[in-house]
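Chain by chain, the residues run as shown.
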Amino acid sequence: MRPSARIPSILAGLVLAAGALVAAPAATAAPAGVQDCEQYIVKHGKQVTDAAGQACYEGAIGNQTSCAASLQEAGLSADVADGACRAAR
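Residues numbered from 1 in each chain as written. Predicted model: local features only at pLDDT ≥ 70, side-chain atom pairs only at ≥ 80, totals over all residues. Heavy atoms only, no water.

### Regarding the packing of helix α4 (residues 64–73) against helix α5 (residues 78–88)
So the rule is basically this: Axes, fitted as lines to C-alpha atoms, cover a helix only where it is in contact. Angles between the N-to-C directions of the axes lie from 0 to 180 degrees. The helix count covers DSSP runs of H or I at least four residues long, the strand count covers runs of E at least two residues long, and both are numbered beginning at the N terminus. Here is the rule for angles: anything less than 35 degrees is roughly parallel, anything more than 145 is roughly antiparallel, 65 through 115 is roughly perpendicular, and the remaining ranges are oblique. Crossing handedness is defined as follows: a turn of the near helix away from the far one that is anticlockwise and smaller than a right angle gives a left-handed crossing, while the clockwise case is right-handed. Only heavy atoms enter the contact rule, under which two residues are in contact if any of them lie within 4.5 Å. Amino acids are sorted into nonpolar (Ala, Val, Leu, Ile, Met, Phe, Trp, Tyr, Cys and Pro), charged (Asp, Glu, Lys and Arg) and polar (every other residue, Gly among them).
Where α4 contacts α5, the axes come no closer than 9 Å and their chain directions differ by 140°. As judged from the angle between their axes, α4 and α5 are oblique. The way α4 lies across α5 gives a crossing that is right-handed. Residues Gln 64, Cys 67, Ala 68, Leu 71 and Gln 72 of α4 touch α5, and the partners they reach there are Ala 78, Ala 81, Asp 82, Ala 84, Cys 85 and Arg 86. A per-class count over the contact of α4 with α5 returns 7 nonpolar, 2 polar and 2 charged.

Below, the structure written as structure tokens:
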């Protein structure tokens, strides 16, 4: 490869790598609805556990059935679980 062709290739690779580093943190952030769900749980006198956090995530991505079932398994009443999952949307 000629030196004049290498420079643009190297620059393009660096730009792609930098873009991946900038985009990566945004891709791993939890949906905003998770916080709303967790706040709903706390507001109703319950502690947010890892299982409840995962259930809230399920609700935030649209899996309301799994969210409610998981929250009930974690010890929340059906009414509180349903309300928290609605808050996650």
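Read on for the rest.
### Topic: the environment of Gly 59
Its place among the elements puts Gly 59 in helix α3 (residues 50–60). For Gly 59 and Ala 88, which are 29 residues apart along the polypeptide, the C-alpha to C-alpha distance reads 5.4 Å. If we ignore the near neighbours within four places in the chain, the residues touching Gly 59 are Gln 64, Cys 67, Ala 88 and Arg 89.

### Digging into the state of the cysteines
Definition in use: By convention in this document, the label disulfide applies to cysteine sulfur atom pairs within 2.5 Å. Think of it in three bands: with a 1.4 Å probe and only protein chains considered, a residue is buried below 20% of the maximum accessible area for its type, exposed above 50%, and partly exposed in between.
Applying the stated criterion to the full structure yields 2 disulfides. Note on cysteine connectivity: Cys 37 is disulfide-linked to Cys 56, with sulfurs 2.1 Å apart. Judged by the torsion about the S-S bond (-65°), the Cys 37/Cys 56 disulfide is left-handed. Residue Cys 37 is found in helix α2 (residues 32–43), and its partner Cys 56 is found in helix α3; the two are separated by 19 residues along the sequence. Residue Cys 37 shares its accessibility class with Cys 56, and that shared class is buried. At a sulfur-sulfur separation of 2.0 Å, the disulfide partner of Cys 67 is Cys 85. Torsion about the S-S bond of the Cys 67 and Cys 85 cystine: about -95°, corresponding to left-handed handedness. Within this pair, whereas Cys 67 is found in helix α4, its partner Cys 85 is found in helix α5, the two being separated by 18 residues in sequence. Taken individually, Cys 67 and Cys 85 each receive the classification buried, so the pair is uniform in this respect. Sequence-ordered numbering of the disulfide-bonded cysteines in the protein gives the connectivity 1-2, 3-4.

### Thoughts on the nonpolar core
Threshold: We define a nonpolar core as any set of buried Ala, Val, Leu, Ile, Met, Phe, Trp, Tyr and Cys residues linked to one another through side-chain atoms lying within 4.5 Å.
Ranked by size, the top nonpolar core spans 15 residues in total, and within it Cys 37, Ile 41, Cys 56, Leu 71, Leu 76, Ala 84 and Cys 85 carry the most contacts. At the level of elements, α2, α3, α4 and α5 are the ones that each hand at least two residues to this core. In terms of residue count, the dominant contributor to this core is α5 (5 residues). Each residue touching Leu 71, except ones within four places of it in the same chain, is listed here: Cys 37, Ile 41, Ala 52, Ala 55, Leu 76, Ala 81, Ala 84 and Cys 85.

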